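# Architecture and fold: a report
Take a look at the letters that make up each chain.
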Amino acid sequence: MSSDTMPAAAPRRFKPVVFGAITAIHLAAFLAFVPAYFSWPGLILCLVLIWATASLGASLCYHRLLSHKAWVAHPALRFFLLYCAALALQSGPITWSVTHRLHHRESDHEDDPHSPLKNFLWSHILWNFWTNPKLKDPAFIRRLAPDLVDDKVLQFFNRYFFWIWMSSGILTFAIGYFAGGMGSAGLQLGMSLVVWGFFVRTVVVWHNTWFVNSVTHVWGYRNYNTEDDSRNLWWVSVLTFGEGWHNNHHAIAGSARFGQKWWEFDPTWWALCVFRAMGLVKKVTLAPPLSDSIESRRWMGKSPARSPRLLRVTERRAIAWAELYRDAPAQLASFLRNPRRNLRECAALALANLGEGAKDAIEPLVQALGDECDRVREAAVQALVRIGDAAVPALQQVAQDAEAAMARMAGQRALSMIGNNN
Ligand SMILES: [Zn+2]
Ligand SMILES: [Zn+2]
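Residues numbered from 1 in each chain as written. Chains lettered and ligands numbered in written order. Predicted model: local features only at pLDDT ≥ 70, side-chain atom pairs only at ≥ 80, totals over all residues.

Here the focus is the overall build of the protein chain. Counting its regular elements, the protein chain contains 19 helices and two strands. Counting across all 422 residues of the protein chain, residues that qualify as buried make up 44%. Long-range pairs, those at least 24 residues apart, make up 66% of the contacts in the protein chain between residues at least 6 apart in sequence. (Helix = DSSP H or I, 4+ residues; strand = E, 2+ residues; numbered from the N terminus. Buried ≥ 20, exposed ≤ 12 C-beta atoms within 10 Å, placed from the backbone. Contact = placed C-beta atoms within 7 Å.)

Structure follows, in structure tokens:
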């Protein structure tokens, strides 16, 4: 990432208010173990609001509508969905979308706001408790979400989401109190609605949503060879109404439907279909069928990954693949020009391991020295060093003539490693 698009790193600061609020709401949810606070209306409210806030709010509104613009909503529907999302208490729509767009842009890289590569607990919950300096910079927020920051309705929800959650809870208690005939019976019904419909429900939906950040970047299968470690996992999809098909989503983030195979159920997509039938949906973007992607067919199941541990697996697989095909060096050389960083990296690593056999691929390897991805550059240097003397003339040219200083330095380094000091 170049410095002109990413603000300089500042230290993260602990957020005591967020930590306190999340902890307090977790503790309040434990009131569910008090039998007096249970009621059937409370449980029903809990289940209905789990669906409304997780599926309609977080998934359909914050994620598919705002973050990815995968569909366009009637203003009245949009307002209703924003209200549902505010009740999920997962920050405001602009903050949520900007954080999420940064997650897509930097998935499982250093600037990913919640990658499990840092550690699992970080990606699940801890990231909420610290400021992200990059997401504090108004100019950077505007660059990530120029379509959202000036929207007055979104600004309102972004500012008042907590008070909307809070006042809705108080209103719910009041409804229960009066419906229960006031007195101690009213108090009991009001408390059961708030404990189950607000505290328990909020905590459940929090963790379900956080599973998408943590679990589906670690476990599950992959339909697509994306640059990140995203996975598809059925039980996260059960809990999040279709958000668990996270590898599909990372591959084609602009699609309003996350399921790709017929059995990859997506209840949030079904809700969108109902709204469409009601005439409240203007435009829907859909992913092409899975089988259309030649690249995904070729690499399906090979799972290139970002973490050092998984990268070694990737490397072995890329080498095995290279050995399977007689034209591997040429194929690998063509992958060096692929826009996906991970493919370039695999190709460079595999070429490095082919050594002598990769002699003919020397030209794209030299070009790879100018790659903005460190690992590609490193692997290209490694490959050229292995090829040895055959690489010297091309490297000498790079070391002197390359436009990018990084490429010149990489060329010089490779030459000194080969033992030819230019
Ligand atoms: Zn992700
Ligand atoms: Zn997304």
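After that view of the structure, there is still more to cover.
As a packed pair, helix H2 (residues 40-67) and helix H8 (residues 183-214) sit with axes 8 Å apart at the nearest point and diverge in direction by 35 degrees. Handedness of the H2/H8 crossing: right-handed. On H8, the residues touching Pro41, Gly42, Leu43, Leu45, Cys46, Leu49, Ile50, Thr53, Ala54 and Ala58 of H2 are Ser192, Leu193, Val195, Trp196, Gly197, Val200, Arg201, Val204, Val205, Asn208 and Thr209. In terms of residue class, the contact of H2 with H8 is made up of 14 nonpolar, six polar and one charged. (Axes fitted to C-alpha atoms, helices over the stretch in contact; angles between N-to-C directions. Left-handed = near helix turned anticlockwise from the far one by under 90°. Nonpolar A, V, L, I, M, F, W, Y, C, P; charged D, E, K, R; others polar.)

With respect to the helices, strands and loops of the structure, Glu403 is situated in the loop between helix H18 (392-401) and helix H19 (405-418). C-alpha separation for the pair Glu403 and Gly370, spaced 33 residues apart in sequence, amounts to 8.6 Å.

Following both chains from N to C, one finds helix H3 (residues 75-87) and helix H7 (residues 152-179) inclined at 50 degrees, their axes separated by 8 Å at the closest point. One way to sum up the angle between H3 and H7 is to call them oblique. Here H3 runs over H7; the crossing is right-handed. Across the interface between the two elements, Phe79, Leu82, Tyr83, Ala86 and Leu87 from H3 touch Val153, Phe157, Phe161, Ile164, Trp165 and Ser168 from H7. (Parallel < 35°, antiparallel > 145°, perpendicular 65-115°, else oblique.)

In this structure, Cys61, Leu81 and Ala85 are the most contacted members of the largest nonpolar core, which totals 55 residues. The leading source of residues in this core is H2, at 13 residues. With near-sequence residues (within four places) excluded, Leu81 lies in contact with Leu56, Gly57, Leu60, Cys61, Leu65 and Ala73. Ala347, Leu349, Ala352 and Ala358 belong to the second largest nonpolar core, which has 34 residues in total. (Core = buried A, V, L, I, M, F, W, Y, C linked by C-beta atoms within 7 Å.)

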